[in-house]
Amino acid sequence: MDAAIALLCEGGWQAVTTRGVAERADTNAGLIHYHFGGLPGLHAAIIRRAGELVINPLVAELLDAADEWAALAAVHRLLPETTGDERTARLAAELLAGATRDPALGEVLRDQLREARTQLAGRIRQLRPGWSPERATGVATLVAALIDGLMLHYMIDHELPVGEALTGVADLLRNGKD
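A brief look at the structure comes next. Here the structure is a predicted model, which means the values were calculated and not measured.

Now for the overall build of the chain. Along its length, the chain carries nine helices and zero strands. Starting at the N terminus and walking to the C terminus, you meet the elements of the chain as α-α-α-α-α-α-α-α-α. Each principal axis of the C-alpha atoms in the chain carries an extent, and together these give about 60 × 35 × 25 Å. Within the span of the chain, comprising 178 residues, buried residues form 39% of the whole. The contacts in the chain between residues at least 6 apart in sequence include a share of 63% that link residues at least 24 apart.

Rendered as structure tokens:
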């Protein structure tokens, strides 16, 4: 998987062939076909692993946050780190590219994103026990979309006023408490 992820970062999906991965991993292409069931299985495993590398660290930080203020601070801290890391930014871009071009890869990424939103909704329900499951799910969806949008914009424009955007979110949190 390390060899495949490296190839994905370097050359995109077109660079990820069983032969290329075998050469990079110093193994036999037949073993890759056997283990993954061919190129589609290899690509599914790659998108799953790339998704873990991009999504899981952010979700873990949010799940570990003591409250919404700590979560907001984590997003503020992690956004430049995550998008400033060329490897992670490239993986994120290739995740989207692969998921939009190949429906099978799209299903894998969709399931990972659903799981992340489910985990966030569970944490929100812990922090806000009076909220309905639907409300927590809706807020988790908005949080995920906010992070995705900020990451995408920041990857393209490193002068994005992230601090101002997150200050706006903090204002909404302060004024919207109930």
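Scanning all chains against the criterion turns up zero aromatic pairs. One cation-aromatic arrangement involves Arg135 over Trp131; the distance from NZ or CZ to the ring centre is 4.1 Å.

The next subject is unusual backbone geometry. Positive phi values are uncommon outside glycine, yet Asp26 reaches one of about 55 degrees. Along the chain, Asp26 turns up in the loop between helix H2 (18-25) and helix H3 (29-36).

With that settled, the discussion passes to the nonpolar core. Core analysis: the largest hydrophobic core is formed by 27 residues, its most contacted members being Leu8, Val16, Val21, Ile46, Ile47 and Leu91. Broken down by secondary-structure element, the contributors of at least two residues to this core are helix H1 (2-11), H2, helix H4 (39-64), helix H6 (86-101) and helix H7 (103-127). With eight residues, the single largest contributor to this core is H4. With residues up to four places along the chain from it excluded, the contact list for Leu91 reads Ile5, Leu8, Cys9, Ala50, Leu53 and Val54. Listed in part, the 21 residues of the second largest apolar core include Leu72, Leu79, Ile124 and Val162.

Packing of H2 against H3 brings their axes to within 8 Å, and their N-to-C directions diverge by 115 degrees. Put simply, H2 runs roughly perpendicular to H3. In this structure, the crossing between H2 and H3 has a hand that is right-handed. Taking contact as the criterion, the partners of Thr18, Val21 and Ala22 in H2 are, on H3, Ala29, Ile32 and His33. A class-by-class count of the residues in the contact of H2 with H3 yields four nonpolar, two polar and no charged.

Another point: the side chain of Glu68. Relative to the helices and strands, Glu68 resides in helix H5 (residues 68-84). Here the side chain of Glu68 touches Arg128 through a polar contact of 3.4 Å, side chain to side chain.

Let us now look at the pattern of salt bridges. Considering all chains together, one arrives at seven salt bridges under this definition. Across the pair Arg128 and Glu68 runs a salt bridge, and its minimum N-O distance is 3.4 Å. Of this pair, Arg128 sits in the loop between H7 and helix H8 (133-156) while Glu68 sits in helix H5, placing them 60 residues apart in sequence. Residue Arg128 is classed as buried on the basis of its relative accessible area of 16%. For Asp171, the salt bridge goes to Arg174, with nearest N and O atoms at 2.9 Å. Note that Asp171 and Arg174 are positioned in helix H9 (residues 162-175) at a spacing of three residues, about one turn of the helix.

Parameters and conventions
Residues numbered from 1 in each chain as written. Predicted model: local features only at pLDDT ≥ 70, side-chain atom pairs only at ≥ 80, totals over all residues. Heavy atoms only, no water. Helix = DSSP H or I, 4+ residues; strand = E, 2+ residues; numbered from the N terminus. Buried < 20%, exposed > 50% of the residue type's maximum accessible area, 1.4 Å probe, protein only. Contact = heavy atoms within 4.5 Å. Phe/Tyr/Trp six-rings, centres within 6.5 Å; stacked < 30°, edge-to-face > 60°. Lys NZ or Arg CZ within 6 Å of the ring centre and 35° of its normal. Core = buried A, V, L, I, M, F, W, Y, C linked by side-chain atoms within 4.5 Å. Axes fitted to C-alpha atoms, helices over the stretch in contact; angles between N-to-C directions. Parallel < 35°, antiparallel > 145°, perpendicular 65-115°, else oblique. Left-handed = near helix turned anticlockwise from the far one by under 90°. Nonpolar A, V, L, I, M, F, W, Y, C, P; charged D, E, K, R; others polar. Polar contact = N/O pair within 3.5 Å; in protein donor to acceptor, adjacent residues only side chain to side chain. Salt bridge = Lys/Arg side-chain N within 4 Å of Asp/Glu carboxyl O.

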